[in-house]
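# Understanding the architecture of this molecule
Chain by chain, the residues:
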Amino acid sequence: MKDGTALEDLLRDAAPQVLAALLRRFRDFDAAEDAVQEALLAAATQWRAAGVPDSPRAWLIQVASRRLTDHIRTETARRRRQGVIASEAPPAEQPPPGDLPPGDRDDTLALLFMCCHPALSPASATALTLRAVGGLTTAEIAAAFMVPEATMAQRISRAKQSIKTSGVPFRLPTNREWPTRLAAVMHVLYLIFNEGYASTSGEALVRTDLSSDAIRLTRALHHSVPDAAEIMGLLALMLLTDARRPARVNEHGDLVPLAEQDRAAWNARLIQEGVALVTSALPRGAVGPYQLQAAIAAVHDEAATAEATDWPQIRALYTVLERMTDNPMVALNRAIADAMVAGPAEGLTRLDALASDARLRGHHRLHAVRAHLLEMQGHRAQARTEYLAAASRTTSIPEQRYLMMKAAKLADSEAKE
Amino acid sequence: MKYMLLMMAPAGGWAKFMTLPPEDIRAHISFMKKLNVDLTSAGELVDAQGLAFPSQAKLVTAKAGGGPAVSDGPFPESKEFLAGYWIVDVPDEARAIALAAHISTAPGAGGSPMRFPVEVRQVMAGPPEDL
């Protein structure tokens, strides 16, 4: 007899596989999900009493399929009574598409591609992925995004509706579609990770750990497509970033910048795994942005002290990344690396060149970086003005507190001089 | 991204609103009810609250020796009062502005749009990345 948590874990892991198996045969996402929920409920009560069957997944698929078939039969009869069925094809079982290699792993992968389809908005795709593939309840997802459960339920139901109306098929993308569709999947997983990572700000709320969910899903994706170097890069980036989480906030709940973090508190096991992944991904050719960001994170994580950071290598990696992405934030980080290698004056020159970019104009990060570089040069009054400019523009409370503290410390040290 | 939409009512507007015929008030109330239903079904509503009239409001400051110093509303120096607010979770600022503009068209006398100001404020969140 399994204990409660082990049974819950087993059911949560099986849920997407059961849903995927049903979707391969039946089109209706909503009805398929209802049937899976019913099968899970039945399993939770029956298994607790009678023990877990030899093949839990097969049991669940069989029960869920039976529920779904019953549902379709009832629906068809109802519609026939109402005389609306005549013109519609019966929503009967569909033969599995011939071009699909069968198997649970491919089914779950096809489900992930479906939930991250570009037809969905990022907010819809993240919610649906957590629900259908991640096995989270609607209440858990709502709590993680801090919205009411009713709102999240609607968001998920609209996402399913968009899949239905836009005719997104349940199958793996073709070779031609593969790169863009995989990019969309990785983007959604990255958004889920970031949402969780950004929420570690210590506003004491019980939130589902989205970073861990994103890592779990990305790990599963990596196992399904073990040769894809960018997926390895994404997983490595998440692990190497998550490794620093214990040192990211101090005992007062304040943000601690990378240079001042207690590196002994970093998670060595995650760093080791992340470094191994990115090291094995990079030589495979086709280097992508996630691999480069992971490589940069690895350089930071492997430095014993902030001073020992290999900035020339970070600058080189940012230079490649900058050519690849056209992301102004990357250019901004490159300017920091320039300053660390060649001195703050070099970084400030680069910032002046970036200031004409409309996407950065008035952005708090531009002011924050300038403030840091001016402080490095010893221009305290100017640095303070820039810290305050950054503090008034950021939309993050912990970051605002950090920037205001920096400005206040400069004012304080000036007063003492 | 989350935004707070603050519905600002002109100081004299409250009294005037109360004298509208019942069908106008009913139209206004149904507009607000439908708005909240629509925001929920769009997956965007986080919270919505209407506030009691300013005549019920108290202004509180801490006394020098501790304890509250309380004065009654309304406060003649204010030109506008906060009548209610919505918190919405939307993809971008443009959507928040569009919602605010829609709220501002809530019907008043004779069913014509009231066009009161709606303040759009972003809700602060956690840090997006490492510093």
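Residues numbered from 1 in each chain as written. Chains lettered and ligands numbered in written order. Predicted model: local features only at pLDDT ≥ 70, side-chain atom pairs only at ≥ 80, totals over all residues. Heavy atoms only, no water.

Along the backbone of chain A there are 19 helices and zero strands. Within chain A, the fraction of its 417 residues that count as buried is 47%. Pairs at least 24 residues apart make up 64% of the contacts formed inside chain A by residues separated by at least 6 positions. Total accessible area on chain A is roughly 19800 Å²; 53% of this is exposed by carbon and sulfur atoms. (Helix = DSSP H or I, 4+ residues; strand = E, 2+ residues; numbered from the N terminus. Buried < 20%, exposed > 50% of the residue type's maximum accessible area, 1.4 Å probe, protein only. Contact = heavy atoms within 4.5 Å. Areas by Shrake-Rupley, 256 points an atom, 1.4 Å probe, with all protein chains shown as cover.)

Below, the discussion takes up the packing of aromatic side chains. Residue and element names in this part refer to chain A. Per the stated rule, a full pass over the model turns up three aromatic pairs over all chains. Ring centres of Phe113 and Trp178 lie 5.1 Å apart, and the angle between their planes is 45°; on these two criteria the pair is classed as tilted. Residue Phe113 is located in helix α4 (residues 104-115), and its partner Trp178 is located in helix α8 (residues 178-198); the two are separated by 65 residues in the primary sequence. Judged by its relative accessible area of 1%, Phe113 is buried. Pairing Tyr190 with Tyr290 gives two aromatic rings, centres 5.6 Å apart and planes at 55°, and the pair type is tilted. Of the two residues, Tyr190 sits in helix α8 while Tyr290 sits in helix α13 (residues 289-302), which places them 100 residues apart along the sequence. Look at Tyr290 and you get buried, because its relative accessible area is 13%. A cation sits over an aromatic face here: Arg244 above Trp266, 6.0 Å from the ring centre. (Phe/Tyr/Trp six-rings, centres within 6.5 Å; stacked < 30°, edge-to-face > 60°. Lys NZ or Arg CZ within 6 Å of the ring centre and 35° of its normal.)

Another point: the confidence of the model for chain A. For chain A, the average pLDDT comes to 87, and 90% of its residues sit at 70 or higher. Contacts from residues 85-102 of chain A, a stretch scored under 50 in pLDDT, to residues over four places away or in other chains number 18 contacts. (pLDDT = per-residue confidence, 0-100.)

Residue and element names in this part refer to chain A. One finds Leu22, Phe29, Leu60, Leu111 and Leu221 to be the most contacted residues of the largest nonpolar core, which totals 110 residues. Looking at this core element by element, the count peaks at eleven residues for helix α2 (residues 29-50). Beyond its immediate sequence surroundings of up to four residues, Leu221 is in contact with Leu109, Leu112, Leu182, Val185, Leu189 and Ile231. (Core = buried A, V, L, I, M, F, W, Y, C linked by side-chain atoms within 4.5 Å.)

It is worth spelling out the interface of chain A and chain B at this point. Every contact between the two is made by 28 residues of chain A and, on the other side, 19 residues of chain B. Across the interface of chain A and chain B, roughly 2100 Å² is buried in total on both sides, 53% from carbon and sulfur atoms. The interface formed by chain A and chain B includes one salt bridge. Across the pair Asp89 of chain B and Arg155 of chain A runs a salt bridge, and its minimum N-O distance is 3.2 Å. (Buried area = accessible area lost by both parts, 1.4 Å probe. Salt bridge = Lys/Arg side-chain N within 4 Å of Asp/Glu carboxyl O.)

Residues and elements named next belong to chain A. Given a rise of 1.5 Å per residue, 14 residues ought to cover 20 Å, and the 20 Å separating the end C-alpha atoms of α13 matches this to within 8%. Within α13, eleven of the 14 residues are buried, which leaves the element mostly enclosed by the surrounding structure. The set of residues buried in α13 consists of Tyr290, Gln291, Leu292, Ala294, Ala295, Ile296, Ala297, Ala298, Val299, His300 and Asp301. (Expected span 1.5 Å × (residues − 1).)

In this section: the environment of Ala183 of chain A. Residues and elements named next belong to chain A. Tracing the backbone shows Ala183 in helix α8. With a relative accessible area of 39%, Ala183 lands in the partly exposed category. Between the C-alpha atom of Ala183 and that of Pro118, which follows or precedes it by 65 residues, the distance is 9.8 Å.

Quick look at a nonpolar patch on the surface now. Residues and elements named next belong to chain A. A cluster of nonpolar side chains, namely Val287, Val320 and Met324, defines an oily patch on the protein surface of about 200 Å² accessible area. Relative to the helices and strands, Met324 is located in helix α14 (residues 311-325). When its relative accessible area of 38% is taken as the criterion, Met324 is described as partly exposed. (Patch = residues over 30% accessible without salt bridge, like charges linked within 9 Å, V, L, I, M, F, W, Y side chains within 5 Å.)

What follows covers the sheet that holds strand β2 (residues 45-50) of chain B. Residue and element names in this part refer to chain B. With antiparallel pairing, four strands are arranged side by side in an open sheet as β2-β5-β1-β6. Single-partner strands in this sheet number two, and they are β2 and β6 (118-122). On average, each strand axis in the sheet is inclined to that of its neighbour by 20°, with strand direction left out of account. Relative to strand β5 (residues 80-89), strand β1 (residues 2-10) is paired through nine bridges, and the arrangement is antiparallel. When the bridges of β5 are listed, Met4 appears paired with Ile87. Sheet strands touched by helix α2 (residues 22-41): β1, β2 and β5. Its angle to β5, the strand with the most contacts, is close to 25°. (Pairing = 2+ DSSP bridges. Axes fitted to C-alpha atoms, helices over the stretch in contact; angles between N-to-C directions.)

Let's shift gears to the packing of helix α15 (residues 328-342) of chain A against helix α16 (residues 344-354) of chain A. All names here are of chain A. Interhelical geometry of α15 versus α16 gives an angle of 160° and a closest axis separation of 6 Å. Considering their axes alone, α15 and α16 lie roughly antiparallel with respect to each other. For the pair α15 and α16, the sense of crossing is right-handed. Facing α15, whose interface residues are Ala331, Leu332, Arg334, Ala335, Asp338, Ala339 and Ala342, α16 presents Pro344, Glu346, Gly347, Arg350, Leu351 and Leu354. Taken together, the residues that form the contact of α15 with α16 break down as eight nonpolar, one polar and four charged. (Parallel < 35°, antiparallel > 145°, perpendicular 65-115°, else oblique. Left-handed = near helix turned anticlockwise from the far one by under 90°. Nonpolar A, V, L, I, M, F, W, Y, C, P; charged D, E, K, R; others polar.)

Attention now goes to the side chain of Glu33 of chain A. Residue and element names in this part refer to chain A. On the secondary structure map, Glu33 appears in helix α2. We classify Glu33 as buried; its relative accessible area is 6%. Leave out the neighbours within four places in its chain, and Glu33 touches Leu19, Arg131 and Lys160.

Here we come to unusual backbone geometry. Its identity is not glycine, yet Asp326 of chain A carries a phi of approximately 55°, on the positive side. Tracing the sequence through the fold places Asp326 of chain A in the loop between α14 and α15. Classification of Asp326 of chain A as exposed rests on a relative accessible area of 56%. Phi is positive for Arg115 of chain B, close to 55°, though the residue is something other than glycine. Mapped onto the elements, Arg115 of chain B comes out in the loop between α3 (93-103) and β6.

Turning to the pattern of salt bridges, a few remarks are in order. Once their charged atoms are close, side chains differing in charge can pair, the charge on each being opposite to the other. Residue and element names in this part refer to chain A. Counted according to the given criterion, the structure contains 27 salt bridges over all chains. The partner of Glu33 in a salt bridge is Arg131, with the nearest N and O atoms 3.5 Å apart. In this pair, Glu33 sits in helix α2 while Arg131 sits in helix α5 (residues 122-133), placing the two residues 98 residues apart along the sequence. Judged on exposure class, the residue Glu33 and its partner Arg131 are both buried. Among the salt bridges present, the one from Asp213 reaches Arg216, with a minimum N-O distance of 3.0 Å. Here the residue Asp213 and the residue Arg216 both occupy positions in helix α9 (residues 210-224), the gap between them amounting to three residues, near one helical turn. One network of salt bridges, with partners in common, ties together Arg315, Glu322, Arg334, Asp338 and Arg350.

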